[in-house]
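# Coordinate inspection notes
Take a look at the letters that make up each chain.
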Amino acid sequence: MSGSSPEWLALREPADQQARSEVLTWQLSEHFAGRNEVSVIDLGCGAGSNLRGTAGWLPDRQSWLLVDYDPELLVAARQRLTGWADESRADGRRLILRKGTKALEVDFAQADLKEEMEALLAQAPDLVTASALFDLVSEPWLDTFTAALTAARIPLYTVLSYDGQQSWAPPHRLDAAVVAAFNDHQRTDKGFGPAAGAEAASGLGRRLTDAGFRVSTASSPWLLGAGDHELMSELAGGIATAAQETHAVSAEEAEEWLSERQRAAGASIGHTDLLAIP
Ligand SMILES: C[S@@+](CC[C@H](N)C(=O)[O-])C[C@H]1O[C@@H](n2cnc3c(N)ncnc32)[C@H](O)[C@@H]1O
């Protein structure tokens, strides 16, 4: 299962939805209270999990543009959203959905955010959002992104940026070394230049505060236990592979850690959610 395969995104979605900070979703909801409609761009949409987690907190009429560079994920998003909605129909490339009281028009764009983010934000939506994206981007990209949000005065709501904190139960002697190596790997190039990794949410918050936004952040850890064995096992596999690639832990150490972690009783994986209002 790869880092952004439809199967991995489907496996992590329940943990993602449960982890989101309710404090920030209430603040988001309050910001748009009194409005009937809202336009939203979701950056790095994957299979559409962020729309499913956010739509319930926004006004009743919503138009969404879901952006990803992976055509397979855009197809998965269309299928998953069709299954999720109470009613759905296609209108050319767009989906027209009803979910409870919400009426959604959903369009899809295949675009590389490294090159095309500013053109997308020039559409001046009412909200830009993203889930599990910002740890992949680079520090210079965050500068350009902040400038584009500031110029167009667009609010940002982003969830589930990995923050570098992990704890596994029961503890293992290699936990600290493996997590440190994994966090180093998170800073390698993920397509935007050297990645912001675990510093992404704090760096983004700092930039937006300096640019005059009102920024709220909240922790949104995955709290995994008995019912999450498959997710913990897949996650541990990805962590062990990345840690070993840094050469800071040996293949034998990564293997030993992984075989213990595939029997883990629980794990807490730290994330940060952020809401920035211009
Ligand atoms: C960890 S996944 C999160 C997906 C989705 N937001 C979710 O929460 O399930 C990161 C997403 O960013 C997309 N992505 C990564 N780099 C990108 C780029 N340069 N341009 C567009 N999308 C990108 C990936 O294809 C993937 O869908």
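As shown above, the structure is provided for reference.
So, here's what we can say about the structure. (Residues numbered from 1 in each chain as written. Predicted model: local features only at pLDDT ≥ 70, side-chain atom pairs only at ≥ 80, totals over all residues. Heavy atoms only, no water.)

By the burial criterion, the buried members of helix α2 (residues 22-31) are Leu24, Thr25 and Leu28. The arc enclosing the buried residues of α2, seen along the axis, measures out at 100 degrees, which places them on a common side. Away from its buried face by more than 90 degrees, α2 exposes Glu22, Val23 and Glu30. For α2, the secondary structure elements touched by its buried residues are α3 (49-54), β6 (127-131), β7 (156-169), β8 (214-219) and β10 (266-277). Where α2 starts, the residue carrying a side-chain oxygen 3.3 Å from the main-chain nitrogen of Val23 turns out to be Ser21. (Buried < 20%, exposed > 50% of the residue type's maximum accessible area, 1.4 Å probe, protein only. Helix = DSSP H or I, 4+ residues; strand = E, 2+ residues; numbered from the N terminus. Arc of directions from axis to C-beta. Contact = heavy atoms within 4.5 Å. Polar contact = N/O pair within 3.5 Å; in protein donor to acceptor, adjacent residues only side chain to side chain.)

Quick look at the pattern of salt bridges now. Inspection of every chain in the model, using the stated rule, returns 18 salt bridges. Measuring nitrogen to oxygen at the nearest pair gives 2.3 Å for the salt bridge that ties Arg94 to Asp91. Here Glu260 ties to Arg263 by a salt bridge, and the two come within 3.0 Å at their closest N and O atoms. By relative accessible area, Glu260 is classed as partly exposed at 32%. (Salt bridge = Lys/Arg side-chain N within 4 Å of Asp/Glu carboxyl O.)

Turning next to the site of the ligand. As a structural note, the neighbourhood of the ligand is formed by 18 residues, with Gly44, Asp68, Asp112, Leu113 and Ser131 the closest of them. With respect to the ligand, the side chain of Asp112 contributes an N or O atom lying 2.8 Å from a nitrogen atom. Looking at the shell around the ligand residue by residue, the class counts come to 10 nonpolar, five polar and three charged. (Near = heavy atom within 4 Å. Nonpolar A, V, L, I, M, F, W, Y, C, P; charged D, E, K, R; others polar.)

For the rest of this paragraph, the subject is unusual backbone geometry. A cis geometry characterises the amide bond from Ala169 onward to Pro170, with omega recorded as -5 degrees. Along the polypeptide, Pro170 turns up in the loop between β7 and α7 (175-185). Phi is positive for Leu160, which is not a glycine, with a value near 65 degrees. The residue Leu160 is located in strand β7 in this model. Of note, His247 is a non-glycine position whose phi angle comes to about 65 degrees, a positive value. As for its placement among the helices and strands, His247 is situated in the loop between α9 (229-245) and α10 (251-261).

Moving on, we come to the packing of aromatic side chains. Per the stated rule, a full pass over the model turns up eight aromatic pairs. With 5.6 Å between their ring centres and 70 degrees between their planes, Tyr162 and Phe182 make a pair best called edge-to-face. Taken as a pair, Tyr162 in strand β7 and Phe182 in helix α7 lie far apart in primary sequence, 20 residues in all. The interplanar angle of 80 degrees and the centroid separation of 5.5 Å between the aromatic rings of Trp168 and Trp257 together place this pair among those described as edge-to-face. In this pair, Trp168 is assigned in strand β7 and Trp257 in helix α10, connecting sequence segments 89 residues apart. Look at Trp168 and you get buried, because its relative accessible area is 6%. When its relative accessible area of 0% is taken as the criterion, Trp257 is described as buried. One aromatic cluster in this structure is built from Phe134, Trp141, Phe145 and Phe192. (Phe/Tyr/Trp six-rings, centres within 6.5 Å; stacked < 30°, edge-to-face > 60°.)

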